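# Architecture at a glance
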Amino acid sequence: MRIAVVGSGVIGLLTAVECVRATGVSQVDLVDAGPIPSPTATSHDRLRVVRALHRGEPALTFAAAGAHTGWLEVESLVGSRFYHPVGALTAMPQQDLSAALTLLTAIGARAWALSPTELAARYPKIRFPEGSGAVLEATAGVVLADQALAAVAHWLGTRPQVRLHPHRRVVDVTNEGVHFDDGTSLSADRVVVAAGPWSRALVPPTIADELTLWRQSLLSYRPDGWAGLPAVLGLGPAKDAWMMPKPAHSDAPLRLSAASACRPVDEMTDRTTPARWREHLERLFAEVLPDFDPAAVIGCVDGYYLADRTNDGPLLLSNGAVWTYAACGGMSFKFAPQIARTIADHALGRTPRPSGIAAIDTPRIISGTAPVRAGKE
Ligand SMILES: Cc1cc2nc3c(=O)[nH]c(=O)nc-3n(C[C@H](O)[C@H](O)[C@H](O)COP(=O)(O)OP(=O)(O)OC[C@H]3O[C@@H](n4cnc5c(N)ncnc54)[C@H](O)[C@@H]3O)c2cc1C
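Residues numbered from 1 in each chain as written. Predicted model: local features only at pLDDT ≥ 70, side-chain atom pairs only at ≥ 80, totals over all residues. Heavy atoms only, no water.

## A few points about the side chain of Ser132
Counted only if it meets this: Under the scheme used here, helices are H or I runs from DSSP no shorter than 4 residues and strands are E runs no shorter than 2 residues, and both carry numbers assigned from the N terminus. Using a 1.4 Å probe on the protein chains alone, a residue whose accessible area is under 20% of its type maximum counts as buried, one over 50% counts as exposed, and one in between counts as partly exposed. By definition in these notes, contact holds between two residues if any of their heavy atoms fall within 4.5 Å.
Position of Ser132 among the secondary structure elements: in strand S7 (residues 132-137). Using a relative accessible area of 4% as the deciding quantity, one classes Ser132 as buried. Setting aside anything within four residues of it in sequence, one finds Ser132 in contact with Ala91, Met92, Pro93, Pro116 and Leu119.

Right under this line is the structure:
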């Protein structure tokens, strides 16, 4: 069987890996409009957080129980280290600690609660919301995302059955393969489309209309002496601000953002943060970090992702021959090893190993036989 995978973000790369490892696959063609991996992909960033706790969402927490082991398996396959178990600290009202801990204990995660006094003593550089305690997940951590993508792309490039096609833009997808903007095409028995926030151009217009494009701003912050922190969530007056840590031995800056810096937009334009969104984050983190130093903000950048309007998360759709990860949602990086395995199983006609994410395990079937034509946005 010949498989074509469109997109070399984290989902396309890991789906290609799964196809290479499957029996009966003679050829895997991995295509991207940019280089492989592409620095403009949503996945291409310094860090992505991997944590299990989804407060009040047991199904997602159970799914996330396997996220960090998924990444450890990818590390071991490609022979490179990019997962750092720096931990994740989620601030919450003290009365919610026990429910969160029960959820994490049920999935076998190593976690414990910290009282407001313990929090203040342990993390004096952070001002937690009044009366907040926190749950610390020890096995949570961060993936050095750009390093992971490069290592996986390199591994794929050394497999005899893989052909990499950088700088090839797909304009149409049919049951027989993919068509490029230069008029050429590539045939395949199955096609997987994982085009991240660009997917709207490769799905039928009715599906594209059901997707929300989100744009999020992040500050890069490099103060002195902040190594060794976990990822921290639940900060600020709205408890929606978070910090991605700087793992020891990494030159990555801290990344600071908040749900309030994420807004729906009509189109993907540039990645330069408009002044008002940078100022919004600087004001917010001046409240969260008592010693916040604006001079230590070394940059601000915007990223995009698509979400299905019905669940504000991912969407997988298929007509049997073409499998399109039409919306990646805001959490696909950490779940990528699980999502890719399930997508590959679906596409190869194997009994799918469940990812635990409903939208992936039960894809939307759009038609039994009709080809998926490119939508005109
Ligand atoms: C600011 C921000 C912070 C985030 N933080 C986290 C986090 O901490 N943890 C987490 O789990 N998730 C996080 N996410 C979400 C996560 O990064 C994404 O869900 C994930 O990276 C999407 O990967 P993907 O492979 O689906 O898409 P992408 O990484 O965007 O890859 C798509 C690829 O398809 C290619 N492509 C597009 N169109 C075409 C075409 N027509 N022809 C050929 N190639 C094409 C592109 O060039 C690109 O390389 C965050 C997202 C943002 C924006």
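## Some words on the site of the ligand
Operational definition: Nearness of a residue to a molecule or strand requires only that one of the residue's heavy atoms be within 4 Å of it. Counted as a polar contact is a pair of N or O atoms within 3.5 Å, where, for protein atoms, one must be capable of donating a hydrogen and the other of accepting one, and residues adjacent in sequence contribute only when both atoms are in side chains. Per-residue and other accessible areas were derived by the Shrake-Rupley procedure at a 1.4 Å probe size, with only the shown protein chains allowed to occlude residues. These domain limits were set by an automatic method or by a database of domain assignments.
As a structural note, the neighbourhood of the ligand is formed by 35 residues, with Asp32, Thr42, Ser43, Val170 and Lys334 the closest of them. Interatomic distance of 2.9 Å between a side-chain N/O atom of Arg48 and an oxygen atom of the ligand. A distance of 3.0 Å is found between an oxygen atom of the ligand and a backbone nitrogen or oxygen belonging to Met331. Protein chains shield 95% of the accessible area of the ligand, which is 1,000 Å² for the free molecule. If you list the elements that add at least two residues to the shell around the ligand, you get helix H1 (10-21), strand S3 (47-50), strand S19 (297-308) and helix H9 (332-348). Lining the shell around the ligand are residues from two domains, each supplying at least three of them: domain 1 (2-44 + 146-210 + 310-365) and domain 2 (212-308).

## Examining the domain arrangement of the chain
Quick reminder of the rule: Throughout, the accessible surface (probe 1.4 Å) given up by two parts as they are put together, summed over both, is called the buried area. We count a salt bridge whenever a side-chain nitrogen from Lys or Arg sits within 4 Å of a carboxyl oxygen from Asp or Glu. Here the nonpolar group is Ala, Val, Leu, Ile, Met, Phe, Trp, Tyr, Cys and Pro; Asp, Glu, Lys and Arg are the charged ones; every other residue, Gly included, is treated as polar.
Here the chain is partitioned into domain 1 (2-44 + 146-210 + 310-365) and domain 2 (212-308). Taken together, the contacts link 20 residues of domain 1 with twelve residues of domain 2. Both sides together, the interface formed by domain 1 and domain 2 hides about 1,200 Å², and carbon and sulfur atoms give 51% of it. Of all residues in domain 1, the largest losses of buried area upon contact with domain 2 belong to Pro197, Arg200 and Asp312, amounting jointly to 40% of the total for that side. Inspection of the domain 1/domain 2 interface yields zero salt bridges. For the pair domain 1 and domain 2, the number of links is nine residue pairs in polar contact (both at pLDDT 80 or more). A class-by-class count of the residues in the side of domain 1 that touches domain 2 yields eight nonpolar, eight polar and four charged.

## Overview of the sheet that holds strand S10 (residues 170-174)
Backbone hydrogen bonds hold the strands of a sheet together, and the pairing may be parallel or antiparallel. Inclusion rule: DSSP-based pairing: two strands are paired if at least 2 bridges between them are found. All axes here are fitted lines through C-alpha atoms, helices being fitted over the stretch that makes contact, and every angle between N-to-C directions spans 0 to 180 degrees.
As summarised here, the arrangement of the three strands in space is S10-S11-S12, forming an open sheet in which the pairing is antiparallel. Whereas interior strands pair on both sides, the edge strands pair on one side only; in this sheet they are S10 and strand S12 (185-187). Recorded for the sheet is a direction-independent mean angle of 15 degrees between the axes of neighbouring strands. As paired elements, strand S11 (residues 177-180) and S12 share three bridges and run antiparallel to each other. Directly across from Gly177, in S12, lies its bridge partner Ser187.

## Observations regarding the packing of H1 against helix H3 (residues 67-78)
Keep this limit in mind: Working rule for handedness: look at the near helix, and if it is turned counterclockwise from the far one by less than a right angle, call the crossing left-handed; if clockwise, right-handed.
Two elements in contact, H1 and H3, have axes whose closest approach is 13 Å; the angle formed by their N-to-C orientations is 65 degrees. Crossing angle aside, the handedness with which H1 passes H3 is left-handed. Residues Val10, Leu14, Val17 and Arg21 of H1 form the contact with H3, whose own contacting residues are Trp71, Val74 and Leu77. Among the residues forming the contact of H1 with H3, the class breakdown is six nonpolar, no polar and one charged.

## A look at the environment of Lys125
Within the fold, Lys125 resides in the loop between helix H5 (116-122) and S7. Sequence-wise, Lys125 and Ala261 are 136 residues apart; in three dimensions their C-alpha atoms are separated by 22 Å. Filtering out sequence-adjacent residues up to four positions away, Lys125 remains in contact with Asp224, Gly225, Trp226, Val288, Leu289 and Pro290.

## A look at the pattern of salt bridges
Enumeration according to the criterion identifies 15 salt bridges in this entry. Residue Asp96 pairs with Arg55 through a salt bridge whose shortest N-O separation is 2.8 Å. With a gap of 41 residues between them, Asp96 in the loop between strand S5 (88-93) and helix H4 (97-106) and Arg55 in the loop between S3 and helix H2 (58-64) connect regions that are remote in the sequence. On the accessibility criterion, Arg55 (41% relative accessible area) is partly exposed.

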